[in-house]
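Secondary and tertiary structure notes
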Amino acid sequence: MPHPEPPHELEDARRDVALSQDELWMRYFALGGAAMPTEFEAYLVGALSPAPAERDILVHALNERSMELGLARRWPYSEDGGGGGRREGMELLSHPSAYETARDRAAAARANSMRLAARIDRAQAVAGTTRRRAWLLRLQAKALRDQGAALRQRFDEGLLSTAPTSEVRWFSLDGVVGDEAVWARWTHGHLRCHPALMTQARLLVELGTTFEHDDPPAHVDATVTGTPAAVMLTLASACDRVLAVDYSREVRL
Amino acid sequence: MAEGAAGPGVDRSAGIADLELEIEHLHKALISRDVIGQAKGILMERFKLTADEAFLVLVKASQHQNVRVAELSVTLADTGEWTEPAPEL
């Protein structure tokens with residue numbers, strides 16, 4: 001007559017091969033195991049008896065790990081008599097004390113199940129937040145690529161020429177410095193600017209930053225008092241991210 | 001209670017990193033599971049076995065050759081070659 005799984009035999013085996021329950025489940029799952037983590041845990045602690053095929057997969061996960069570690073220890077498969085040999089489905093434990101032990105373990109498994117469910121809920125909440133953040137970042141990245149492409153095109157077409165004689169009637173720029181939204185507006189020859197952006201821009205000036213362009217050749221020093229186009233270029237460079245730039249098109253810049 | 005400035009952000013980053021790692025492991029496990037399923041299917045068809053028997057045949061070959069079941073399965077699924085003797089079940 002087949003005998004029930006000795007209590008904790010599989011759990012002891014898991015400890016012997018130095019794997020956490022999660023790690024062992026992952027290996028079991030990769031080999032084709034069908035039990036979900038809670039049921040799997042119940043197999044390990046003896047609260048449930050796995051079907052022979054499932055037990056063989058679990059045992060093989062243990063044996064592959066043992067082989068990996070260079071250990072000689074191997075656990076028997078069902079055809080070698082492991083787990084009570086080949087039998088159909090799960091068996092009820094016949095001895096009263098065994099029944100009580102199984103009942104206690106089932107209660108423990110249910111408690112674990114609730115903990116796992118709570119963990120899954122938390123993980124799903126974090127995953128949801130992450131997906132939303134990723135979506136926003138992708139959206140921002142796309143907006144920035146579009147802005148960058150438009151700016152490059154204008155620069156290439158000479159519309160953003162920074163020759164000393166060029167003029168900009170007005171411009172507006174919005175961006176981000178650190179976590180702060182910043183802005184700058186140039187109208188009627190006057191610059192109004194967010195203090196954090198101005199600080200960054202002055203830093204560029206003090207560092208002697210220059211901007212180069214090959215075609216047409218242009219060399220512009222960072223400035224917050226020079227021509228509007230040069231100031232605009234300096235302020236845009238001072239932003240960690242540029243969100244929007246606009247300027248007058250009536251006059252060639 | 002005042003929280004450390006880096007506390008919640010760090011916890012969330014660590015949680016996200018753990019989840020990403022878990023997803024990567026699950027992805028690899030699914031690939032392995034799939035290829036083992038293919039190998040079992042080949043053995044089932046070739047030697048008229050049940051799925052459980054096919055798995056045990058893979059296990060025996062794995063022990064004989066000292067190669068993981070997943071690696072054996074990749075070879076079998078890619079080449080169709082089975083160098084072990086026909087199983088006696």
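Residues numbered from 1 in each chain as written. Chains lettered and ligands numbered in written order. Predicted model: local features only at pLDDT ≥ 70, side-chain atom pairs only at ≥ 80, totals over all residues.

**With respect to the overall build of chain B**
Assigned secondary structure in chain B consists of three helices and zero strands. Helices and strands appear in chain B in the N-to-C order α-α-α. Classification of the 89 residues of chain B by burial places 22% in the buried group. A separation threshold of at least 6 residues defines the contact pool for chain B, and within that pool the share at least 24 residues apart is 51%. (Helix = DSSP H or I, 4+ residues; strand = E, 2+ residues; numbered from the N terminus. Buried ≥ 20, exposed ≤ 12 C-beta atoms within 10 Å, placed from the backbone. Contact = placed C-beta atoms within 7 Å.)

**Observations concerning the sheet that holds strand β1 (residues 170–177) of chain A**
In a beta sheet, neighbouring strands pair by backbone hydrogen bonds and run either parallel or antiparallel. Residue and element names in this part refer to chain A. In space, the four strands of this open sheet follow the order β3-β2-β1-β6, with antiparallel pairing throughout. Each edge of the open sheet carries a strand with a single partner, namely β3 (190–193) and β6 (241–247). Taken pair by pair, the neighbouring strands of this sheet meet at an average axis angle of 10 degrees, ignoring direction. The sheet contact formed by β1 and β6 spans six bridges and is antiparallel. Opposite Val-176, over in β6, you have Arg-241 as the bridge partner. Helix-sheet contacts for helix α6 (residues 195–206) involve β1, β2 (180–187) and β3, and the interaxial angle to β2 is about 80 degrees. Of the strands in this sheet, β1, β2, β3 and β6 touch helix α7 (residues 228–238), which is tilted by about 15 degrees from β1. (Pairing = 2+ DSSP bridges. Axes fitted to C-alpha atoms, helices over the stretch in contact; angles between N-to-C directions.)

**Side note on the interface of chain A and chain B**
With 17 residues of chain A at the contact, the number on the chain B side is 18 residues. Among the secondary structure elements, those contributing two or more residues to the side of chain A that touches chain B are α2 (21–30), α4 (52–68) and α5 (96–156) of chain A. Class assignment for the residues of the side of chain A that touches chain B results in 11 nonpolar, three polar and three charged. (Nonpolar A, V, L, I, M, F, W, Y, C, P; charged D, E, K, R; others polar.)

**Some points on the packing of α6(A) against α7(A)**
Residue and element names in this part refer to chain A. Contact geometry for α6 and α7: axes closest at 8 Å, N-to-C directions at 105 degrees. Comparing their axes, α7 and α6 come out roughly perpendicular. For the pair α6 and α7, the contacting residues are Leu-197, Gln-200, Ala-201, Leu-204 and Val-205 in the first and Thr-234, Leu-235, Ser-237 and Ala-238 in the second. (Parallel < 35°, antiparallel > 145°, perpendicular 65-115°, else oblique.)

**Observations regarding helix α2 (residues 51–65) of chain B**
Residue and element names in this part refer to chain B. Helix length check: α2, at 15 residues, gives a terminal C-alpha distance of 21 Å against a target of 21 Å (1.5 Å per residue), a fit within 8%. By the burial criterion, the buried members of α2 are Ala-54, Phe-55, Leu-56, Val-57, Leu-58, Val-59, Ala-61 and Ser-62. Two residues or fewer after α2 comes Asn-66, characterised by a positive phi angle close to 55 degrees. (Expected span 1.5 Å × (residues − 1).)

**Description of the packing of α4(A) against α2(B)**
Relative orientation of the contacting elements α4(A) and α2(B) amounts to 20 degrees, with a least axis distance of 10 Å. Between α4(A) and α2(B), the interaxial angle falls into the category roughly parallel. As for how α4(A) packs across α2(B), the hand of that crossing is left-handed. For the pair α4(A) and α2(B), the contacting residues are Ala53(A), Asp56(A), Ile57(A) and His60(A) in the first and Asp52(B), Phe55(B), Leu56(B) and Val59(B) in the second. When the residues that make up the contact of α4(A) with α2(B) are grouped by side-chain class, the tally is five nonpolar, one polar and two charged. (Left-handed = near helix turned anticlockwise from the far one by under 90°.)

**A closer look at the nonpolar core**
If you look at the biggest cluster of nonpolar residues, it comprises 40 residues, and the most contacted ones within it are Tyr28(A), Leu58(A) and Leu58(B). Within the residue set of this core, elements represented by two or more residues are α1 (9–16), α2, α3 (37–45) and α4 of chain A together with α1 (7–47), α2 and α3 (69–79) of chain B. Counting residues per element, this core draws most heavily on α2(B), at seven residues. Among residues more than four places away in sequence, those in contact with Tyr28(A) are Gly33(A), Phe40(A), Ile57(A), Leu58(A) and Ala61(A). Val182(A), Ala184(A), Trp186(A) and Cys239(A) belong to the second largest nonpolar core, which has 20 residues in total. (Core = buried A, V, L, I, M, F, W, Y, C linked by C-beta atoms within 7 Å.)

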